[in-house]
Amino acid sequence: MVKYCQSCNTQKAFMVRPKTGNLICQNCFFQAFEDEIHHTIISTQMFKPGEKIAIAASGGKDSTVLVHVITLLNKKYNYGLHLYLLSIDEGIKGYRDDSLETVKQNQITYDLELKILSYKELFNWSMDEVVAQIGLNNNCTYCGVFRRQSLDRGAIQLGVDKIITGHNADDMAETFLMNLLRGDIFRLPKSTAIITGDDGDNGIATLPRCKPFKYTYEKEIVMYAHYKKLIYFSTECTYSPNAFRGHVRELIKNLEAIRPSAVIDLIHSCEQLDAPNQNQKLPQKQLCQKCNLLSSNKICKACTLLESLNQGRAKQILQIQE
Amino acid sequence: MKIIVDFGGGLDICFENKKELTLEFEEQQIKMTDLITRLKTLCNPKKLDFFYTQQLRPGILVLINDADWELEDKEEAQLQHNDRVSFISTLHGG
């Protein structure tokens, strides 16, 4: 049986959208995918016309799609942005050196200036040397901390106003859950913040980092790359098998298989922690009018459930009599 | 019947770095679950990217003739001669 797109009702559907469960055809998907990212950018006032933006590019799927979509939207909607590619060479043989080739290809395709900074030149340590020194425990912590700072330094050298990264909805949900599992209550409410580093805390403002893919599912990014035939690098980092994130990732993928909205639900929960909706009030404690025991409504949940069960029983008896 | 399988997102490392396989089946019609069972016998048991605790790892996108298998009944989807099935990992890199 041919299933049709639930957006245009004329074309054959080719995928199920994880966020909504809707069936969609290829053209409507490309349109919706790009429109939703545009909407995220506009509704959060992510950019101002004339700004210089560094796209953090690893050559992986997320940043490859990010370069493609931002270049496209910048032209289509006249954002007036000056775009640059910024890559970090962590110094991991057979991994990063290969993925940087993909970034160089992107540079040619989209005609953007590319800056590559290496851990070796910035810190005098490559990740190969770090792992030789400390082994395969906590090495991702070193790499993450160094990358963060490398991106800041690269952005300053390029003289840009902001950095954008390809973090997607699944990444956001992972970070939130990781902070929850670690009991990191200070980081928890900001786990899924779409713009970070611009708060000027203590008079120290760093370069803002923005995440245009905050609400974009990983599945859709991979689908988009696949059908647009974008070339990206996909090899697991040689040094990441013990990372805590990997286990949380597994957990979220399993949750998503059971209930695809779980990813966006986690992001929603985090946003509510950060800025709770003041209009929502907890129900008042009271006594149930039927059983006189604790309830948050006039009639307690147990009485309501019993009521519906008893009604069903009555209906069944009627059916038998009929 | 013949089924063509291809691997994306780095999954070829589980199948001797082959990006594409052509598999022959005696039956005239098989289900996706039969194909997955066959792939289990071909997958490098040391690589956990494709199968994980005997299951197809969540986070792998499956396309039957370039359409999401979630449109069909996933494991129960029927395959015919010359169908192409793509497995694409979403798990690596950013």
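Computed from a predicted structure; not experimentally measured.

Parameters and conventions
- Residues numbered from 1 in each chain as written.
- Chains lettered and ligands numbered in written order.
- Predicted model: local features only at pLDDT ≥ 70, side-chain atom pairs only at ≥ 80, totals over all residues.
- Heavy atoms only, no water.
- Contact = heavy atoms within 4.5 Å.
- Buried area = accessible area lost by both parts, 1.4 Å probe.
- Salt bridge = Lys/Arg side-chain N within 4 Å of Asp/Glu carboxyl O.
- Polar contact = N/O pair within 3.5 Å; in protein donor to acceptor, adjacent residues only side chain to side chain.
- Helix = DSSP H or I, 4+ residues; strand = E, 2+ residues; numbered from the N terminus.
- Nonpolar A, V, L, I, M, F, W, Y, C, P; charged D, E, K, R; others polar.
- 1 Å grid on protein atoms, 1.4 Å probe; cavity = no way out; pocket = protein on both sides within 12 Å on 5 of 7 lines; lining within 4 Å.
- Points joined across faces, edges and corners; volume = space filled by probe spheres on them.
- Pairing = 2+ DSSP bridges.
- Axes fitted to C-alpha atoms, helices over the stretch in contact; angles between N-to-C directions.
- Domains from an automatic or database assignment.

Colleague: So what exactly am I meant to see when it comes to the interface of chain B and chain A here?
Modeller: Think of interface size as the accessible area that goes away when the parts come together; that is how it is often given. Each partner contributes residues to the interface: chain B has 20 residues there, and chain A has 25 residues. Counting each side, the surface lost to burial between chain B and chain A is near 2000 Å², with a carbon and sulfur contribution of 54%. If you look at where chain B meets chain A, you find three salt bridges. A salt bridge links Arg57(B) to Glu250(A); its shortest N-O distance comes to 2.3 Å. In this assembly, chain B and chain A are joined by ten residue pairs in polar contact (both at pLDDT 80 or more). When contributions to the side of chain B that touches chain A are tallied by element, the ones reaching two or more residues are β6 (60–64), β7 (67–68) and β9 (84–89) of chain B. Residues belonging to the side of chain B that touches chain A are distributed by class as follows: eight nonpolar, eight polar and four charged.

Colleague: Looking at this structure, how should I read the layout of surface pockets?
Modeller: Remark: the empty space left among the atoms is shown by a probe the size of a water molecule rolled over them. Its boundaries defined by the atoms lining it, the second largest pocket holds a volume of some 600 Å³. Forming the boundary of the second largest pocket are 28 residues, of which Ala257(A), Pro58(B), Gly59(B), Glu70(B) and Lys74(B) lie nearest the centre. Listing elements by their share of the lining of the second largest pocket, those giving two or more residues are α8 (218–227) and α9 (244–258) of chain A together with β5 (55–56) and β6 of chain B. Looking at the lining of the second largest pocket, the element that brings in the most residues is α9(A), giving five residues.

Colleague: I'm lost on the sheet that holds strand β8 (residues 209–210) of chain A in this one. Help?
Modeller: By way of backbone hydrogen bonds, the strands of a sheet pair with one another, either parallel or antiparallel. Residue and element names in this part refer to chain A. Taken in spatial order, the six strands of this open sheet run β5-β4-β3-β6-β8-β7, and their pairing is mixed. Strand pairing shows two members of the sheet lacking a second neighbour, β5 (113–118) and β7 (195–196), which therefore form its edges. Seen against the sheet, helix α2 (residues 61–76) touches β3 (52–56), β4 (82–89) and β6 (162–164) and runs at an angle of roughly 170° to β4. Of the strands in this sheet, β4 and β5 touch helix α3 (residues 96–110), which is tilted by about 165° from β4.

Colleague: So what exactly am I meant to see when it comes to the domain arrangement of chain A here?
Modeller: Residues and elements named next belong to chain A. Domain annotation of chain A identifies domain 1 (1–43), domain 2 (50–274) and domain 3 (286–321). Using only C-alpha atoms to locate each centre, domain 1 and domain 2 end up separated by 25 Å. Facing the 18 residues of domain 1 at the interface are 25 residues of domain 2. Here domain 1 packs against domain 2, burying approximately 1900 Å² in sum over the two surfaces, 70% of which is carbon and sulfur. Per-residue buried area on domain 1 facing domain 2 is highest for Pro18, Lys19 and Phe33; these three make up 31% of the total on that side. For the pair domain 1 and domain 2, the number of links is one salt bridge. Inspection of the region where domain 1 meets domain 2 yields five residue pairs in polar contact (both at pLDDT 80 or more). Those elements giving two or more residues to the side of domain 1 that touches domain 2 turn out to be β1 (15–16) and α1 (26–43). The leading source of residues in the side of domain 1 that touches domain 2 is α1, at twelve residues. Of the residues in the side of domain 1 that touches domain 2, the class split is ten nonpolar, four polar and four charged.

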